[in-house]
Amino acid sequence: MKVVLFCGGYGMRMRNGDASDVPKPMAMVGPRPLIWHVMRYYAHFGHTEFILCLGYGAHHIKEFFLNYQETVSNDFVLRNGKAELLSTDIADWSISFVQTGLESAIGERLRRVRPHLDGDEMFLANYADVLTDAPLPEMIDRFKNSDAGASMMVVPPQSSFHCVEMGEDGRIGALTPVSEMPLWENGGYFVLRQEVFDHIPEGGDLVADGCGELAKQGKLLAYPYRGFWKPTDTVKERVQLDDAYAHGDRPWARWEREPATASTA
């Protein structure tokens, strides 16, 4: 099953005053950028055909893969001055690099790579900046066995803020952490059918337009997940992931601790 990755946004909340044009999916977590970790997750489950929706800072992503160094994350033997790899990351990957515009909304980026999907009934999509250890095969099977046009992972709110219950006199009666409220938010992992394109207008959005219209029709499926899920919307969140990686705490890296799974798509 093909995987569409949205990696063309500006990522302004990750800049921290930095004027660099490096896109957010290229922020480093350990020795590799975020987008690599996301792709390794999908590849672990046998999904190795990637379509990258490029935009801002596209040359950074292209250069990373064009000059990819397998020795950074694989064991090897140096013999007669040449590296003999004992394993490989991306040798079996197919990656399409598609410029989808600097200002395009997510839905428009998806529309522009539709020809690269080869008419496949179902495909996967991701923002390329969120890591999880969710059981992808289960997510896909649940969607396959439904008549939904789209499925999205939903997760509990990540905010550390509190909601307040306030009386008319201005006195607060209760404080409730947002994370403990019966709410769910978009987790950024999608399984989609071609039907979603029927509801995304030119310049439109995947969630507000495509998923929104399917929801009205009762054809948007949720995959609730309470396990590990970590966004990287801010510099602080990216640093937390990098620090966790350095200390060996990387639950999203399922490929490091379990056999790879062949895709059944």
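Per an unreviewed UniProt entry, the protein chain goes by Glucose-1-phosphate cytidylyltransferase and derives from Amycolatopsis umgeniensis.

Engineer: How should the overall build of the protein chain be read in this particular structure?
Structural biologist: Regarding its fold elements, the protein chain presents six helices and 15 strands. Over its C-alpha atoms the protein chain spans a radius of gyration of 20 Å, differing by no more than 12% from the 18 Å that the globule rule assigns to 265 residues. In the protein chain, which comprises 265 residues, the proportion classed as buried is 45%. Here the analysis covers contacts within the protein chain between residues at least 6 apart in sequence; of these, 75% occur between residues at least 24 apart. Put simply, the protein chain shows about 13,300 Å² of open surface, and 50% of that area lies on carbon and sulfur atoms.

Engineer: What am I meant to see in the pairing of strand β13 (residues 185-193) here?
Structural biologist: Moving residue by residue along a regular strand, the side chains alternate between the two faces of the sheet. Burial of β13 is extensive: seven of the nine residues sit out of reach of the surface. Pairing of strand β10 (residues 150-155) with β13, which is carried by five bridges, proceeds in the antiparallel orientation. Looking across to β13, one finds that M152 is bridged to F190.

Engineer: Just checking my understanding: could you explain the sheet that holds β13 for this structure?
Structural biologist: Backbone hydrogen bonds are what pair the strands of a sheet, in a parallel or an antiparallel way. The strand order β7-β4-β1-β8-β13-β10-β14 describes an open sheet built from seven strands, whose pairing is mixed. This sheet does not close on itself; its edge strands, each paired only once, are β7 (94-99) and β14 (220-224). With direction set aside, neighbouring strand axes in the sheet form an average angle of 25°. In this fold helix α5 (residues 206-216) packs onto β1 (3-7), β10, β13 and β14, with an angle of close to 70° to the strand it touches most, β13.

Engineer: Sorry if this is basic, but what is going on with the nonpolar core here?
Structural biologist: Within the largest apolar cluster, 50 residues are counted, with the highest numbers of intra-cluster contacts made by L5, Y42, F50, L52, F65 and M153. Looking at which element gives the most residues to this core, the answer is helix α1 (residues 34-44), with eight residues. Once residues within four sequence positions are removed from consideration, Y42 is found in contact with V3, L5, H47, F50, L124, A125, N126, L136 and Y189. In terms of nonpolar packing, the next biggest core, distinct from the first, is built from 21 residues, V113, F123, A150 and C211 among them.

Engineer: Sorry, what's going on with the pattern of salt bridges here?
Structural biologist: One side chain can pair with another of opposite charge once the charged atoms of both are near each other. As enumerated under the stated definition, the model contains 17 salt bridges in all. The shortest N-O distance in the salt bridge between R79 and E84 comes to 2.9 Å. Judged by relative accessible area, R79 falls into the partly exposed class, the value being 43%. Of the residues examined, E84 reaches a relative accessible area of 35% and is grouped as partly exposed. One salt bridge connects R250 with E256, and the closest N-O pair in it is separated by 3.0 Å. The partly exposed category is assigned to R250, whose relative accessible area is 21%. Taking the relative accessible area as the measure of exposure, E256 reaches 45% and is therefore partly exposed. Residues participating in the shared-partner salt-bridge network are K2, E49, D118 and D120.

Engineer: Where do I start with helix α6 (residues 235-246) in this structure?
Structural biologist: In an α-helix there are 3.6 residues to a turn, and that puts residues three or four apart on one side. Taking 1.5 Å per residue, twelve residues should reach 16 Å; α6 reaches 16 Å between its end C-alpha atoms and fits that length. Residues of α6 that are buried: E237, R238, L241, A244 and Y245. Buried residues of α6, seen end-on, are gathered within an arc of 125° and therefore sit on one face of the element. Relative to its buried face, α6 has exposed residues pointing more than 90 degrees away, namely K236 and A246. The secondary structure elements touched by the buried residues of α6 are β2 (28-29), α1, β9 (130-132) and β15 (229-231).

Engineer: What exactly am I supposed to notice about the packing of aromatic side chains here?
Structural biologist: Aromatic ring pairs are reported here in terms of the distance separating the ring centres and the angle at which the planes meet. Counted according to the given criterion, the structure contains 14 aromatic pairs. An angle of 75° between the planes, with centres 5.3 Å apart, marks the rings of Y41 and F45 as edge-to-face. Pair check on accessibility: Y41 and F45 agree, each one buried. Counting every residue linked through ring pairs, the aromatic cluster contains Y41, Y42, F45 and Y189.

Cut-offs applied
Residues numbered from 1 in each chain as written. Predicted model: local features only at pLDDT ≥ 70, side-chain atom pairs only at ≥ 80, totals over all residues. Heavy atoms only, no water. Helix = DSSP H or I, 4+ residues; strand = E, 2+ residues; numbered from the N terminus. Rg over C-alpha atoms; globule rule 2.2 N^0.38 Å. Buried < 20%, exposed > 50% of the residue type's maximum accessible area, 1.4 Å probe, protein only. Contact = heavy atoms within 4.5 Å. Areas by Shrake-Rupley, 256 points an atom, 1.4 Å probe, with all protein chains shown as cover. Pairing = 2+ DSSP bridges. Axes fitted to C-alpha atoms, helices over the stretch in contact; angles between N-to-C directions. Core = buried A, V, L, I, M, F, W, Y, C linked by side-chain atoms within 4.5 Å. Salt bridge = Lys/Arg side-chain N within 4 Å of Asp/Glu carboxyl O. Expected span 1.5 Å × (residues − 1). Arc of directions from axis to C-beta. Phe/Tyr/Trp six-rings, centres within 6.5 Å; stacked < 30°, edge-to-face > 60°.

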